[in-house]
Amino acid sequence: MTTGTTLKLPEALIFDMDGTLLETETLLTGVNQRLFDTLREEGLYMEEAPPVSALLSCLGMLLEDIWKTIMPGNSEEARERADELLLQYEIEGLAAGEGELYPGVAATLAALKEKGVKLFVASNGLEQYVRKIVEHKGLGHLFTDLYSAGEYNTSSKVDLVAMLMKKHGLTSAWMVGDRSSDIEAAHGNGIVGIGCVYAGYGKPDELAKADAVIARFEELADMLDQAKAAV
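A brief structural summary. Nothing here was measured: the structure is a model prediction, and the numbers come from that model.

Observations regarding the overall build of the protein
A count of helices and strands for the protein gives 10 helices and 8 strands. Its C-alpha radius of gyration of 18 Å places the protein within 12% of the 17 Å reference for a compact globule of 231 residues. For the protein, the spread of C-alpha atoms along the principal axes amounts to about 60 × 30 × 30 Å. For the protein, buried positions account for 50% of its 231 residues. Once local pairs closer than 6 in sequence are excluded, the contacts in the protein between residues at least 24 apart make up 70%. With the model as given, the accessible surface of the protein reaches about 10200 Å², and the carbon-plus-sulfur share is 49%. Between the centroid of the 20 positive side chains of the protein and the centroid of its 37 negative side chains there is a distance of 6 Å.

A few points about the packing of helix H4 (residues 76-95) against helix H6 (residues 127-136)
Between H4 and H6, the shortest axis-to-axis distance is 10 Å and the interhelical angle comes to 0°. Classified by the angle their axes make, H4 and H6 are roughly parallel. In this structure, H4 contributes Leu 87, Glu 90, Ile 91, Leu 94 and Ala 95 to the contact, and H6 contributes Gln 128, Tyr 129, Lys 132, Ile 133 and His 136. Tallied by class, the residues present in the contact of H4 with H6 amount to 6 nonpolar, 2 polar and 2 charged.

Remarks on the environment of Ala 210
Mapping Ala 210 onto the fold places it in the loop between strand S7 (192-196) and strand S8 (212-214). Sequence-wise, Ala 210 and Ile 183 are 27 residues apart; in three dimensions their C-alpha atoms are separated by 5.9 Å. Discounting residues that sit within four places of it in the chain, Ala 210 has contacts with Ile 183, Gly 193 and Gly 195.

Some points on the nonpolar core
By size, the foremost hydrophobic cluster in this structure holds 62 residues, and its most contacted members are Phe 15, Trp 67, Leu 109 and Phe 143. Examining the composition of this core, we find that 7 residues originate from one element, H4, more than from any other. Beyond its immediate chain neighbours, meaning those up to four positions away, Phe 143 contacts Phe 15, Leu 21, Leu 109, Leu 119, Phe 120, Val 121 and Val 134. Formed by 15 residues, the second largest nonpolar core is a distinct cluster that contains Ile 14, Leu 160, Met 175 and Ala 185.

Some remarks on unusual backbone geometry
A positive phi angle, near 55°, is found at Asn 153, a position not held by glycine. Within the secondary structure, Asn 153 is located in the loop between helix H7 (149-152) and helix H8 (157-168). With relative accessibility at 68%, the residue Asn 153 sits in the exposed group.

Remarks on the pairing of strand S6 (residues 173-177)
Here S6 lies mainly inside the structure; 5 of its 5 residues are buried. Burial along S6 is two-sided: Ala 173, Met 175 and Gly 177 and Trp 174 and Val 176, pointing in opposite directions, are all buried. The β-α-β motif built from S6, the intervening helix H9 (residues 180-187) and the parallel element S7 has right-handed crossover chirality.

Description of H4
With 20 residues, H4 should cover 28 Å at 1.5 Å per step; its first-to-last C-alpha distance of 29 Å lies within 8% of that length. Every buried residue belonging to H4 is among Ala 78, Ala 82, Leu 85, Leu 86, Leu 87, Tyr 89, Glu 90, Gly 93 and Leu 94, and all of these are buried.

Cut-offs used in this document
Residues numbered from 1 in each chain as written. Predicted model: local features only at pLDDT ≥ 70, side-chain atom pairs only at ≥ 80, totals over all residues. Heavy atoms only, no water. Helix = DSSP H or I, 4+ residues; strand = E, 2+ residues; numbered from the N terminus. Rg over C-alpha atoms; globule rule 2.2 N^0.38 Å. Buried < 20%, exposed > 50% of the residue type's maximum accessible area, 1.4 Å probe, protein only. Contact = heavy atoms within 4.5 Å. Areas by Shrake-Rupley, 256 points an atom, 1.4 Å probe, with all protein chains shown as cover. Lys, Arg positive; Asp, Glu negative; His and termini not counted. Charge placed at Lys NZ, Arg CZ, Asp CG, Glu CD. Axes fitted to C-alpha atoms, helices over the stretch in contact; angles between N-to-C directions. Parallel < 35°, antiparallel > 145°, perpendicular 65-115°, else oblique. Nonpolar A, V, L, I, M, F, W, Y, C, P; charged D, E, K, R; others polar. Core = buried A, V, L, I, M, F, W, Y, C linked by side-chain atoms within 4.5 Å. Right-handed = clockwise from strand over helix to strand, strands pointing away. Expected span 1.5 Å × (residues − 1).

Here it is in structure tokens:
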């Protein structure tokens, strides 16, 4: 599903991770319960674990904002420990084979690379988390570089994408993601923002300002062919 407008041919495609490449609930469902069980055992969080849907709805935020949203009023110690446990349990889950890519992601990324565009990841997640997904899913050979807020300490995805584009000398790109922050990151850097509607983690109007939207990841290959044909 697209706007019907042929987009300008890009030098690169920049991808969000959660809700774009990774079907994150297939990893976080188990992680969420383990994390809050451990916090309770350690006396840092004494309420019932929030549903995994609460954590999923916060994907795209920086970690400090996630915990402030789903653990309001809890101590800084609890939030810092939640950071540690989230990363630990995510990495353990990935190593155990948990977490699935969305249908068509691996094959479409390979096809896009074959078409001559550079591929990047720009995520608000932690560096090790992003790198371990790429490693365990066998995608490392497809990406030119991986950027995460956790590695570069950026305060917004606008800044993260700006850093990526400057370092690699990019003047045009498509930013592909499922949250409004991805579209803001695109438009804040003068590039195309493509929204993914298949995840459903955000609000209904989350992608209202996207230049185009896709209901299946595979649509990107056709969109790139159309852009090439229009040159």
